Amino acid sequence: MRKSLAVRIANFVIGWSAAIVFFFPIFWMALTAFKTEPAAIATPPKLLFSPTMINMRAVLDSADYLHFFQNSLIISCAATLLAIILGTPAAYAMAFFPGGRTKDVLVWMLSTKMMPAVGVLVPIYLIFRDAGLLDTHVGLIAIYTLMNLPIVVWLIYTFFKDIPKDLIEAARMDGARPLSQFFFLLLPLTAPGFASTGLLSVIFIWNEAFWSINLTVTNATPLTAFIASFSSPQGLFWAKLSAASLLAIAPIMLLGWLTQKQLVRGLTFGAVK
Amino acid sequence: MRHIRTLVTASAMLLASVSAYAQTTVTIGTVNNSDMVVMKELSKKFEESHPNIKLNWVVLEENVLRQRLTTDIATKSGQFDVMTIGLYEAPMWGKLGWLAPFENPPDSYRIDDVLKSVRDGLAVDGKQYALPFYAESQMTFYRKDLFDAAGLTMPEEPKWTDIERFAEKLNNPNKGIYGICLRGKPGWGENVGQITPAANGFGARWFDMDWKPQLTSPEWKAALTTYTGLLKKYGPPGAASNGFNENLALFASGNCAMWIDATVAASFLADQNQSTVIGKVGYAMSPYGTSKTGYHYLWAWALGVPVSSKSKAAAQEFIYWATSPEYIKLVASTRGWAAVPPGTRTSTYASKEYLDAAPFAKMTLKSIESTDLRNPTKDKVPYYGIGFVGIPEFQSLGTTAGQEFTAVLTGEKTVDQALGNVQKFTERTMKEAGYIK
């Protein structure tokens with residue numbers, strides 16, 4: 001059935017409005033990064049201005065960007081990999097051998113995400129202090145793995161659920177063991193799902209600020225701590241803060257842009273569609 | 001014999017080189033304001049003269065830093081060796097035994113040169129728990145050109161009634177000029193930090209000597225009515241969300257006829273990269289109502305060493321350097337006199353070069369010297385602090401009060417309702433904390 005013109009126009013307008021609303025803050029941040037500090041807070045806001053690289057230079061001069069970038073990269077990739085390695089067997093068991101309480105377990109896992117992080121800051125901080133994990137890559141990788149595990153399990157579970165059980169049965173009849181079933185049947189079929197799960201996990205970790213700021217000092221500080229250092233209680237700082245933010249999100253935006261096909265394909269593949 | 005001598009010399013050289021490489025790392029937690037940024041840049045000089053000390057910098061936004069440092073010091077984690085703290089934390093943490101005292105400052109440090117009001121604010125029972133890096137008070141900034149054009153004269157010590165009269169005359173929203181800019185943004189370090197000294201200036205206080213809250217007193221009502229009334233009638237639109245930075249931007253762009261805020265704003269208003277009103281700014285004391293006790297606050301950013309630090313001696317060595325008269329001279333010689341950290345040393349204000357470069361210096365000094373952190377109000381109180389109350393519960397009380405005061409500005413609540421709510425919340429908090437029954 002063909003949609004009426006009015007519906008198509010409405011969809012177009014709503015779609016573009018939503019896109020503009022989501023994109024505008026990033027666009028404005030990118031513009032502000034190239035303004036002078038007074039121009040950044042000018043009233044009315046300036047759309048036309050002479051761009052300057054002064055903020056980028058100031059930001060790069062005052063902090064070691066590569067150190068923060070390297071930490072973000074190591075921590076987000078390692079934690080994502082670990083979460084997928086730990087989450088996949090759980091999702092497999094729950095998808096193909098569900099018990100009476102499988103749904104409850106899944107909901108319970110997700111409910112752990114609903115607790116405000118600050119509520120467990122002091123106990124986690126004390127555990128990290130006593131275990132010597134403060135300001136270490138291992139510490140942050142552990143916390144991010146645990147933080148993302150519920151989402152990873154849920155996503156992979158929904159991708160596995162979409163695979164007809166008959167296929168697994170057939171493979172089993174042909175003598176395939178669980179590992180062979182996984183590597184030669186399930187993995188190729190759900191590869192886009194794994195890719196989007198990994199990408200989403202990397203994005204979540206890359207943007208996480210609370211734990212990274214509270215559990216690190218200098219050695220393991222990722223890019224979120226880099227951004228936080230440019231906010232100032234006194235004096236103008238918006239242009240420099242925007243420049244720092246642009247530098248921090250640029251790698252992840254580039255990754256999202258390069259992999260947008262896989263992301264969309266993965267997200268529309270499972271139950272998140 | 002010669003071989004033995006060579007062997008001894010070689011061993012000594014080896015030992016010396018090993019000890020040269022045995023560097024102590026000092027981790028410094030600080031805020032991102034211009035004075036701290038300069039300190040970070042100039043600290044390379046310290047590292048050059050102290051090759052056995054390596055400095056690590058952690059720069060964070062003020063509220064994040066406060067939370068981060070509090071977690072670290074309360075759990076004795078020892079992640080930081082130097083902490084940037086204020087007059088609010090230093091006496092509290094010193095009393096709790098969380099900070100290492102500065103027991104024997106070197107003679108060259110000249111501790112008596114540090115301004116007494118600031119030094120005393122960072123000490124408990126005669127022990128110095130932090131050393132000031134810069135200090136500030138409050139003052140009135142006004143546009144001399146607008147005052148001249150309107151035939152007005154700002155007294156050196158204006159009253160709130162003077163400010164209201166001037167604001168009424170100079171308010172001209174059609175030309176983008178508002179009579180007065182004040183902080184409306186909620187927060188214990190934002191509007192509450194400004195309204196509390198204003199209330200002191202009307203003879204109000206947060207607590208009586210028995211820790212009973214006094215927020216519904218006629219003095220508090222007069223102060224809050226004056227402050228919010230001025231902003232509502234002659235303030236810029238959206239004043240309820242304006243803090244220091246927003247008002248700085250407004251005044252620097254020529255949109256405010258008067259602004260009452262931190263003395264440190266003077267150096268921003270004299271900065272060509274930030275201000276369009278250079279040479280047009282006059283300075284006066286902060287206004288008062290009926291009392292001249294505690295009507296302008298005192299704040300200092302200071303450096304302290306937690307007892308949990310593993311490098312206490314090196315940390316204190318750095319602090320002595322960063323707050324010394326030599327450091328001030330170093331800033332002056334590399335960045336100019338206008339950039340030196342204000343409000344800490346008498347010798348800074350005795351320098352002709354500084355007085356020439358900073359026309360606001362005398363007013364800043366007068367404001368700072370006329371404060372007494374431990375006697376902040378007309379009637380006696382059991383607490384220290386002028387723009388705050390020096391108890392751990394104040395962060396929560398101030399946050400609630402800030403929201404209530406802003407609600408008056410937005411018209412959601414009356415002055416009586418807001419003060420009544422703050423009174424109730426304060427009573428409940430103080431009962432729960434065991435101050436009152």
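The model shown is predicted, which means the values in this text are computed figures rather than measured ones.

Criteria and thresholds
Residues numbered from 1 in each chain as written. Chains lettered and ligands numbered in written order. Predicted model: local features only at pLDDT ≥ 70, side-chain atom pairs only at ≥ 80, totals over all residues. Heavy atoms only, no water. Contact = heavy atoms within 4.5 Å. Buried area = accessible area lost by both parts, 1.4 Å probe. Polar contact = N/O pair within 3.5 Å; in protein donor to acceptor, adjacent residues only side chain to side chain. Nonpolar A, V, L, I, M, F, W, Y, C, P; charged D, E, K, R; others polar. Core = buried A, V, L, I, M, F, W, Y, C linked by side-chain atoms within 4.5 Å. Buried < 20%, exposed > 50% of the residue type's maximum accessible area, 1.4 Å probe, protein only. Domains from an automatic or database assignment. Helix = DSSP H or I, 4+ residues; strand = E, 2+ residues; numbered from the N terminus. 1 Å grid on protein atoms, 1.4 Å probe; cavity = no way out; pocket = protein on both sides within 12 Å on 5 of 7 lines; lining within 4 Å. Points joined across faces, edges and corners; volume = space filled by probe spheres on them. Salt bridge = Lys/Arg side-chain N within 4 Å of Asp/Glu carboxyl O.

### Section: the interface of chain A and chain B
No. 1: Listed as interface residues are 26 residues of chain A and, on the opposing side, 32 residues of chain B.
No. 2: Across the chain A/chain B interface, buried area totals approximately 2,400 Å², and carbon plus sulfur atoms make up 54% of it.
No. 3: Here chain A is connected to chain B by 10 residue pairs in polar contact (both at pLDDT 80 or more).
No. 4: Split by residue class, the side of chain A that touches chain B holds 15 nonpolar, nine polar and two charged.

### Observations regarding the nonpolar core
All names here are of chain B.
No. 1: Judged by nonpolar contacts, the single largest core of 154 residues is most densely connected at Phe141, Trp206, Phe318 and Phe394.
No. 2: Among the domains, domain 1 (23-129 + 300-357) and domain 2 (136-297 + 371-432) are the pair contributing at least three residues each to this core.
No. 3: Ignoring sequence-local partners within four residues, the contact set of Phe318 consists of Ile28, Met39, Ser43, Phe46, Leu55, Trp57 and Val82.

### Thoughts on the environment of B:Ala167
All names here are of chain B.
No. 1: Examined against the element boundaries, Ala167 turns out to sit in helix 7 (residues 160-170).
No. 2: Its relative accessible area of 0% is what places Ala167 among the buried residues.
No. 3: Sequence separation between Ala167 and Lys233 is 66 residues; the distance between their C-alpha atoms is 8.9 Å.
No. 4: Excluding residues within four positions of it along the chain, Ala167 makes contact with Gly179, Ile180, Leu230, Tyr234 and Met258.

### With respect to the side chain of B:Asn32
No. 1: Inspection of the secondary structure assignment puts B:Asn32 in the loop between strand 1 (24-31) and helix 2 (34-49).
No. 2: Judged by its relative accessible area of 12%, B:Asn32 is buried.
No. 3: Within the structure, B:Asn32 has its side chain in polar contact with the backbone oxygen of A:Ser229 (distance 3.2 Å).
No. 4: Here A:Phe230 takes part through its backbone oxygen, which lies 3.3 Å from a polar atom of the side chain of B:Asn32.

### Looking at the layout of surface pockets
Residues and elements named next belong to chain B.
No. 1: Reported here for the second largest pocket is a volume of approximately 840 Å³.
No. 2: As for the second largest pocket, its lining consists of 34 residues, of which Glu62, Asn63, Arg183, Gly189 and Glu190 are closest to the centre.
No. 3: Elements with a minimum of two residues in the lining of the second largest pocket: helix 3 (62-74), strand 6 (131-143), helix 8 (191-200), helix 10 (244-252), strand 9 (298-304) and helix 17 (394-409).
No. 4: Here the element with the most residues in the lining of the second largest pocket is helix 3; it accounts for four residues.
No. 5: Among the residues forming the lining of the second largest pocket, the class breakdown is 12 nonpolar, 14 polar and eight charged.
No. 6: Lining the lining of the second largest pocket are residues from two domains, each supplying at least three of them: domain 1 (23-129 + 300-357) and domain 2 (136-297 + 371-432).

### Concerning the domain arrangement of chain B
All names here are of chain B.
No. 1: Domain parsing of chain B yields domain 1 (23-129 + 300-357) and domain 2 (136-297 + 371-432).
No. 2: Here domain 1 and domain 2 have C-alpha centroids that lie 28 Å from each other.
No. 3: Contact residues are listed per partner, giving 10 residues for domain 1 and 13 residues for domain 2.
No. 4: Around 1,000 Å² of area is buried between domain 1 and domain 2 when both sides are counted, 60% of it from carbon and sulfur atoms.
No. 5: There are zero salt bridges connecting domain 1 and domain 2.
No. 6: Where domain 1 meets domain 2, there are five residue pairs in polar contact (both at pLDDT 80 or more).

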